[in-house]
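# A closer look at the structure
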Amino acid sequence: MSIDDPQPLISHLIELRRRILYSLFTVAVVFLTLVYFSNDIYHLVAAPLIEQLPVGSRMSATDVASTFFTPIKLTFMVAVFISIPVILYQLWAFIAPALYKHERRLMLPLLVSSSVLFYLGMLFAYFVVFPLAFGFFVKTTPESVNFIPDISKYLSFVMTLFMAFGAAFEVPVAIILLCWTGVTTPDSLKRKRPYIIVGAFIVGMFLTPPDVFSQTLLAVPMYLLFELGLLLSRFYVGKGRKAADDKNSNEIIE
């Protein structure tokens, strides 16, 4: 077969389309299963704020259609979050044939752990950060102002925090990948530990309300996850170098 033969590229594109369709189908099935409960789902997500509001207070809807579309949008996002393991599996199934056997053994645990860590980050935001953040906002509201949050803006706010904390909890996976690919080493990261601690608090400052306690709630878990990634990366870095050496050897033999 000629090197310029387009068939391999076409087959890869067909396989990619198939994997994307599987992912979209999964999201659609989950969404259709949950859409009937969209108002209940919104109430569950809004509970941390509602519990902090003064007695008798409610959220508001400033747009005519927001009472319908906002819970639907939230339900779709929830469907995507629930489908993340399937989406990652489809990604894994697409790239796995191009990996060496030892690379597949290393990458599969990372894909699984990345899903778990993302969910843990979201749970941490919901059960720990939201009550403290919303309590802070309510208590600092001037007496002359009625605190009546809009449901669509609240959705945008909480989705931003969910994504931010979910991504922040991916720190161990990011460190392992950086060390495995040779971008950095555990010893190099260990020497930069003071800068990592400062960076964690800076990230906490931008992602949480402007009080030291809330910033610490994000900075401390991020630093602990950094240490976890640093510890686990030592088991991967040697394998990453071995994989690179094996790949180079195979290329020389060919």
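Model, not experiment: these values are computed from the prediction. (Residues numbered from 1 in each chain as written. Predicted model: local features only at pLDDT ≥ 70, side-chain atom pairs only at ≥ 80, totals over all residues. Heavy atoms only, no water.)

### Side note on the overall build of the protein
Our working definition: Helix numbers and strand numbers start at the N terminus; a helix is a DSSP run of H or I with at least 4 residues, a strand a run of E with at least 2. Relative accessibility thresholds used throughout: buried, under 20% of the residue-type maximum; exposed, over 50%; partly exposed, between the two (1.4 Å probe, protein chains only). For the area figures, the Shrake-Rupley method with a 1.4 Å probe applies, and any residue is considered shielded solely by the protein chains shown.
Assigned secondary structure in the protein consists of 10 helices and 0 strands. Classification of the 254 residues of the protein by burial places 39% in the buried group. Surface exposure of the protein reaches about 15,500 Å², of which carbon and sulfur atoms provide 70%.

### Here we look at the nonpolar core
The cut-off we apply is this: Throughout, nonpolar core names a set of buried Ala, Val, Leu, Ile, Met, Phe, Trp, Tyr and Cys residues whose side chains join them through atoms within 4.5 Å. Contacts between residues were defined by any pair of non-hydrogen atoms, one from each residue, lying within 4.5 Å.
Counting residues in hydrophobic clusters, the biggest one holds 61 residues, and the most contacted among them are Tyr42, Met59, Leu74, Phe130, Tyr154, Val158 and Phe162. Secondary-structure elements contributing two or more residues to this core are helix H1 (7–34), helix H2 (38–50), helix H3 (66–82), helix H4 (84–95), helix H5 (101–139), helix H6 (151–168), helix H7 (171–180) and helix H10 (212–253). Sequence-distant contacts of phenylalanine 162, defined by excluding residues within four places in its chain, comprise Val45, Met122, Ala125, Tyr126 and Phe130.

### Structural notes on the confidence of the model for the protein
Any residue range with low pLDDT should be treated as having predicted coordinates unsuitable for detailed reading. Test applied: Known as pLDDT, the predictor's confidence for each residue is given on a scale from 0 to 100.
Across the protein, pLDDT averages 82, with 87% of residues at or above 70. Per-residue pLDDT stays below 50 along residues 243–254; that stretch engages in 5 contacts with residues further than four places along the chain or on separate chains.

### Considerations on H3
Inclusion rule: Multiplying 1.5 Å by the residue count of a helix minus one yields the expected span of that helix.
Spanning 17 residues, H3 covers 24 Å between terminal C-alpha atoms, matching the ideal 24 Å at 1.5 Å per step. Those residues of H3 lying buried are Ser66, Thr70, Pro71, Ile72, Leu74, Thr75, Val78, Ala79 and Phe81.

### Focus: the packing of aromatic side chains
Think of a pair of aromatic rings as described by two things: how far the centres are apart, and how the planes are tilted against each other in angle. The condition that has to hold: Aromatic pairing here means that ring centres of Phe, Tyr or Trp (its six-membered ring) are within 6.5 Å. Orientation follows from the plane angle: under 30 degrees is stacked, over 60 is edge-to-face, and everything else is tilted.
With the rule as written, the count across this model stands at 16 aromatic pairs. Relative to phenylalanine 118, the ring of phenylalanine 81 has its centre 5.9 Å away and its plane inclined at 50°; by these criteria the two rings are tilted. With a gap of 37 residues between them, phenylalanine 81 in helix H3 and phenylalanine 118 in helix H5 connect regions that are remote in the sequence. Residue class for phenylalanine 81 comes out buried when judged on its relative accessible area of 10%. Between the aromatic rings of tyrosine 126 and phenylalanine 130, the centroid separation amounts to 6.2 Å while the plane-to-plane angle is 65°, which identifies the pairing as edge-to-face. You can see tyrosine 126 and its partner phenylalanine 130 sitting in helix H5, 4 residues apart, about one turn around the helix. Accessibility assignment for this pair places tyrosine 126 and phenylalanine 130 in one class, buried. Through a chain of ring-to-ring contacts, three or more aromatic side chains come together here, namely Tyr42, Tyr126, Phe127, Phe130, Phe134, Phe136, Phe137, Tyr154, Phe157 and Phe162.

### Section: the pattern of salt bridges
Rules: Between Lys or Arg on one side and Asp or Glu on the other, a salt bridge is scored when a side-chain nitrogen of the former is within 4 Å of a carboxyl oxygen of the latter.
On inspection of all chains with the given rule, the structure shows 3 salt bridges. With a shortest N-O distance of 2.8 Å, arginine 19 and glutamate 15 are connected by a salt bridge. Taken together, the residues arginine 19 and glutamate 15, both in helix H1 and 4 residues apart, mark about one turn of the helix. You can call arginine 19 buried: its relative accessible area is 15%. As a salt-bridge pair, arginine 193 and glutamate 227 come within 2.6 Å of each other at their nearest N and O atoms. Of the two residues, arginine 193 sits in helix H9 (residues 193–207) while glutamate 227 sits in helix H10, which places them 34 residues apart along the sequence. Through salt bridges that share partners, Glu15, Arg18 and Arg19 make up one connected network.

### Section: the side chain of aspartate 150
Note the threshold: Counted charges follow a simple rule, with Lys and Arg positive, Asp and Glu negative, and His plus the chain ends left uncounted. Counting of polar contacts relies on pairs of N or O atoms within 3.5 Å, with two restrictions inside protein: one atom must be capable of donating a hydrogen and the other of accepting it, and residues adjacent in sequence are counted only when both atoms are side-chain atoms.
Following the sequence through the fold, aspartate 150 ends up in the loop between H5 and H6. Within the buried core, aspartate 150 has no salt-bridge partner, and the shortest N-O distance to an opposite charge, that of lysine 153, equals 5.8 Å. At a separation of 3.0 Å, a polar atom in the side chain of aspartate 150 contacts the main-chain amide nitrogen of threonine 62. With near-sequence residues (within four places) excluded, aspartate 150 lies in contact with Met59, Ser60, Ala61 and Thr62.

### Re the packing of H2 against H3
Keep this limit in mind: Fitted lines through C-alpha atoms give the axes, limited to the stretch in contact for helices. The angle between two N-to-C directions lies from 0 to 180 degrees. Note on terminology: angles under 35 degrees are roughly parallel, angles over 145 are roughly antiparallel, angles of 65 to 115 are roughly perpendicular, and the others are oblique. Each residue is assigned to one of three groups, with Ala, Val, Leu, Ile, Met, Phe, Trp, Tyr, Cys and Pro labelled nonpolar, Asp, Glu, Lys and Arg labelled charged, and all others, Gly among them, labelled polar.
Contact geometry of H2 with H3 gives a least axis separation of 8 Å together with a crossing angle of 80°. With respect to each other, H2 and H3 are oriented roughly perpendicular. Between H2 and H3, the contacting residues are Ser38, Asn39, Ile41, Tyr42 and Val45 on the first element and Thr67, Thr70, Pro71, Ile72, Leu74, Thr75 and Val78 on the second. When the residues that make up the contact of H2 with H3 are grouped by side-chain class, the tally is 7 nonpolar, 5 polar and no charged.

### Quick word on the environment of threonine 184
On the secondary structure map, threonine 184 appears in the loop between H7 and helix H8 (186–191). In this structure threonine 184 touches Leu178, Cys179 and Leu189, once residues within four positions along its chain are discounted.

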